[in-house]
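Working through the structure, step by step
So the chains spell out like this:
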Amino acid sequence: MALTVEQCDILLDILDEVKVRTHTLEGLSNELHKKFELSDYFKGEVGTCLVMLLQQDLLKEPEQKLVAITLLYELYRGESLANTPFANVFIHLLRPPEHQSNVGAPKLEYPGQLPRLSLPEKHFLTQLLSDVPKDAILKKTAAQIINSDVGNFQPNIDFSLIELLLAEKQSELPQTCRTGIPVILSLPEKTNSYSADTQEYEVLVKKIATGENAYINKVYRPEFVTLAPPLLTSHDELVWLNPTNPKEHTVAYDVTMCVPDTAGQEARQLMNKAYKSALSLQQQQQLLSELENDSKLVYHIGLTPSKLPELVENNPLIAIEVLLKLMQSKQITEYFSVLVNMEMSLHSMEVVNRLTTTVDLPTEFVHLYISNCISTCETIKDRYMQNRLVRLVCVFLQSLIRNKIINVQELFIEVQAFCIEFSRIREAAALFRLLKQLESGEIGLVSSPTISTKGKLEG
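Nothing here was measured: the structure is a model prediction, and the numbers come from that model. (Residues numbered from 1 in each chain as written. Predicted model: local features only at pLDDT ≥ 70, side-chain atom pairs only at ≥ 80, totals over all residues. Heavy atoms only, no water.)

What to know about the overall build of the protein
Regarding its fold elements, the protein presents 22 helices and 2 strands. For the protein, contacts bridging at least 24 residues in sequence account for 73% of all contacts bridging at least 6. (Helix = DSSP H or I, 4+ residues; strand = E, 2+ residues; numbered from the N terminus. Contact = heavy atoms within 4.5 Å.)

In structure tokens:
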């Protein structure tokens, strides 16, 4: 059910050119709520009409477009952006997709394109979507917003979690729903031929947005074709409608249906915090517990190889458990590559040491990490930090050698040169003696990792 002609007239009256210049955004929003009974279903109809007006360039003035965007936000004020049906609209307004044929060429127009906002308009929309109080900005007119000076403002809202939730919702839809295309395609060249005739413009909007044949909710979708069921040999009935033995069929009810995935959402929120700062002990336990309860949750918490260094530095214990659960992932090689090439630190050593004593890491990755550690120690200028890192590396290498994690013969020359260069440090001298004892056969090593090597390295 689309908007009626009367309802469309009311909406167009709110978006009238004169009214949007003289009325505040708060006044226009109040008028929208007063003249429409905004039930959950009807909010979608009004919102869809507003999006259609923006996409088809049917709003002639910049003030009208800004008011339409404000009204779209007001329909779902107080609700989480990810739970609104128009979240993608706000994301595209702040981060429009680039369509350029080559560098320096003008941006191309494309069907269904949303208006490109100016910096003051982006600044206003960013304030709407953030948690700041909105009373002050809504008391301004659209013209005041558009003409305001915001300097070199750049939108900085993080949409990563919202986009992840939207992608998950999209993936749950049937394939036929995801492959539909709208029945209205705007011309690439927008001529605004209706601009000289207000009546013609209103007729055009009403034809698209109202009546039983309104196009705003229609899309072309591929036809879902299935085989027709066979007929019974003795009756003109479909076999599938009357099973021969009803006792063999039972009702199968999905008990997980309509149950919100709060555990997955909380895990994703905790992971987002884990990239930026250390989690509390309670938060770590909660996250690890949820990962333990659902073996597939680790693939849906938003971790990518590029985010691994931040996780390692802020929450190494979480990084260890997550990598152990990703061992069967096709991307595990990328995670290992990022781990061994990241900047050397106590936490990165702790993660690598724990992994080597728990699973069989590829030899080339372990050797590369050792080479990077040695190179870092040799190039660092701060004498205090250099001594500290050398001690860490020496303790780390002794742990790997004593537990046969690495074949020291393959790195003997490099490690021996490292020990000689830093022989003034006690741990380097001890590592050098261990190498000589191994070379002469004076000592034998344990055959498997011991519990003590699984603890944290101490600097």
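Now that the structure is up, let's keep going.
Considering the side chain of Lys19
On the secondary structure map, Lys19 appears in helix H2 (residues 17-22). Lys19 gets classed as buried once you look at its relative accessible area, which sits at 14%. Among residues more than four places away in sequence, those in contact with Lys19 are Asp13, Ile14, Leu28 and Glu31. (Buried < 20%, exposed > 50% of the residue type's maximum accessible area, 1.4 Å probe, protein only.)

Let's talk about empty space enclosed by the protein
Gaps left between atoms show up when a probe the size of a water molecule is rolled over them. Within the structure shown, the criterion is met by 1 cavity of 30 Å³ or more. In this structure, the largest cavity occupies an estimated 30 Å³ of space. Lining the largest cavity, in full, are Phe336, Leu339, Val340, Val352, Leu361, Phe365 and Val366. Within the residue set of the lining of the largest cavity, elements represented by two or more residues are helix H17 (332-341) and helix H19 (363-379). Ranked by residues supplied to the lining of the largest cavity, first place goes to H17 with 3 residues. Among the residues forming the lining of the largest cavity, the class breakdown is 7 nonpolar, no polar and no charged. (1 Å grid on protein atoms, 1.4 Å probe; cavity = no way out; pocket = protein on both sides within 12 Å on 5 of 7 lines; lining within 4 Å. Points joined across faces, edges and corners; volume = space filled by probe spheres on them. Nonpolar A, V, L, I, M, F, W, Y, C, P; charged D, E, K, R; others polar.)

Remarks on helix H22 (residues 426-440)
With 15 residues, H22 extends 21 Å between its outermost C-alpha atoms, agreeing within 8% with the 21 Å of an ideal straight helix rising 1.5 Å per residue. Among the residues of H22, those classed as buried are Glu427, Ala428, Leu431, Leu434 and Leu435. Taken around the axis of H22, the buried residues stretch over an arc of 115°, which confines them to a single face. Along its buried surface, H22 packs onto helix H20 (383-402) and helix H21 (412-421). (Expected span 1.5 Å × (residues − 1). Arc of directions from axis to C-beta.)

Digging into a nonpolar patch on the surface
A contiguous nonpolar surface patch, about 380 Å² in accessible area, is contributed by Tyr253, Val255 and Met257. Checked against the element boundaries, Met257 lands in the loop between strand E2 (219-220) and helix H13 (262-274). (Patch = residues over 30% accessible without salt bridge, like charges linked within 9 Å, V, L, I, M, F, W, Y side chains within 5 Å. Areas by Shrake-Rupley, 256 points an atom, 1.4 Å probe, with all protein chains shown as cover. Salt bridge = Lys/Arg side-chain N within 4 Å of Asp/Glu carboxyl O.)

Things to note about the packing of H19 against H20
Close contact between H19 and H20 brings their axes to 9 Å; oriented N to C, the two are set at 155°. If you check the angle between H19 and H20, you find them roughly antiparallel. As for how H19 packs across H20, the hand of that crossing is left-handed. Contacts between H19 and H20 involve Val366, Tyr369, Ile370, Cys373, Thr376, Cys377 and Glu378 from the former and Gln386, Leu389, Val390, Val393, Phe396, Leu397 and Leu400 from the latter. Here the contact of H19 with H20 is composed, by residue class, of 11 nonpolar, 2 polar and 1 charged. (Axes fitted to C-alpha atoms, helices over the stretch in contact; angles between N-to-C directions. Parallel < 35°, antiparallel > 145°, perpendicular 65-115°, else oblique. Left-handed = near helix turned anticlockwise from the far one by under 90°.)

Looking at the state of the cysteines
Here a disulfide denotes a covalent bond joining the sulfur atom of one cysteine to the sulfur atom of another. This structure, assessed with the given rule, holds 0 disulfides. Residue Cys377 stays outside any disulfide, its sulfur separated by 6.9 Å from that of Cys373, the closest cysteine. Residue class for Cys377 comes out buried when judged on its relative accessible area of 0%. (Disulfide = S-S within 2.5 Å.)

Some points on the environment of Val395
Of note, Val395 is situated in helix H20. Since its relative accessible area comes to 31%, Val395 is described here as partly exposed. In this structure, the C-alpha to C-alpha distance between Val395 and Ala430, residues 35 residues apart in sequence, is 9.3 Å.

Some words on the pattern of salt bridges
For the structure on display, the rule yields 10 salt bridges. One salt bridge in this structure joins Glu292 and Lys325, with 3.1 Å as the shortest N-O distance. Highlighted residues: Glu292 in helix H14 (residues 281-293) and Lys325 in helix H16 (residues 316-325), separated in sequence by 33 residues. For Glu292, a relative accessible area of 56% puts it in the exposed group. With a shortest N-O distance of 3.8 Å, Arg354 and Glu321 are connected by a salt bridge. Of this pair, Arg354 sits in helix H18 (residues 346-356) while Glu321 sits in helix H16, and the two are 33 residues apart along the sequence. Taking relative accessible area as the criterion, Arg354 reaches 27% and is therefore assigned partly exposed.

A look at the packing of aromatic side chains
By the definition in use, this model includes 4 aromatic pairs. Summarising the aromatic geometry, the rings of Tyr369 and Phe396 are spaced 5.9 Å apart at their centres and angled 90° between planes, so their arrangement reads as edge-to-face. Of this pair, Tyr369 sits in helix H19 while Phe396 sits in helix H20, and the two are 27 residues apart along the sequence. Each member of the pair, Tyr369 as well as Phe396, carries the same accessibility label: buried. (Phe/Tyr/Trp six-rings, centres within 6.5 Å; stacked < 30°, edge-to-face > 60°.)

A few points about H21
Those residues of H21 that fall on the buried side of the exposure criterion are Phe412, Val415, Gln416, Phe418 and Cys419. Taken around the axis of H21, the buried residues stretch over an arc of 155°, which confines them to a single face. Opposite the packed face of H21, turned more than 90 degrees from it, sit the exposed residues Ile413 and Ile420. Here the buried face of H21 lies against H19, H20 and H22.

Let's talk about the nonpolar core
Counting residues in hydrophobic clusters, the biggest one holds 63 residues, and the most contacted among them are Leu339 and Ile370. It is H20 that contributes the most residues to this core, 9 residues altogether. Excluding residues that lie within four positions of it along the chain, Leu339 makes contacts with Leu308, Val312, Leu323, Val351, Val352, Leu355 and Tyr369. One finds Leu12, Ile69, Val89 and Leu94 within the second-largest nonpolar core, a separate group that totals 51 residues. (Core = buried A, V, L, I, M, F, W, Y, C linked by side-chain atoms within 4.5 Å.)

Brief notes about the confidence of the model for the protein
A residue-level look at the protein finds 71% of positions with pLDDT of 70 or above and a mean pLDDT of 77. Throughout residues 99-106 the model reports pLDDT below 50, and contacts reaching past four residues in sequence, or to other chains, amount to 6 contacts. In this model, residues 445-459 is a region of pLDDT below 50 whose contacts with residues beyond four sequence positions or in other chains number 28 contacts. (pLDDT = per-residue confidence, 0-100.)

Quick notes on the packing of H18 against H19
H19 packs onto H18 with a crossing angle of 155° between their chain directions and a minimal axis gap of 12 Å. Relative to H19, H18 is oriented roughly antiparallel. Note that H18 runs across H19; the crossing there is left-handed. The segment H18 lies against H19, with Ser348, Met349, Val352 and Thr356 engaging Val366, Tyr369 and Cys373.

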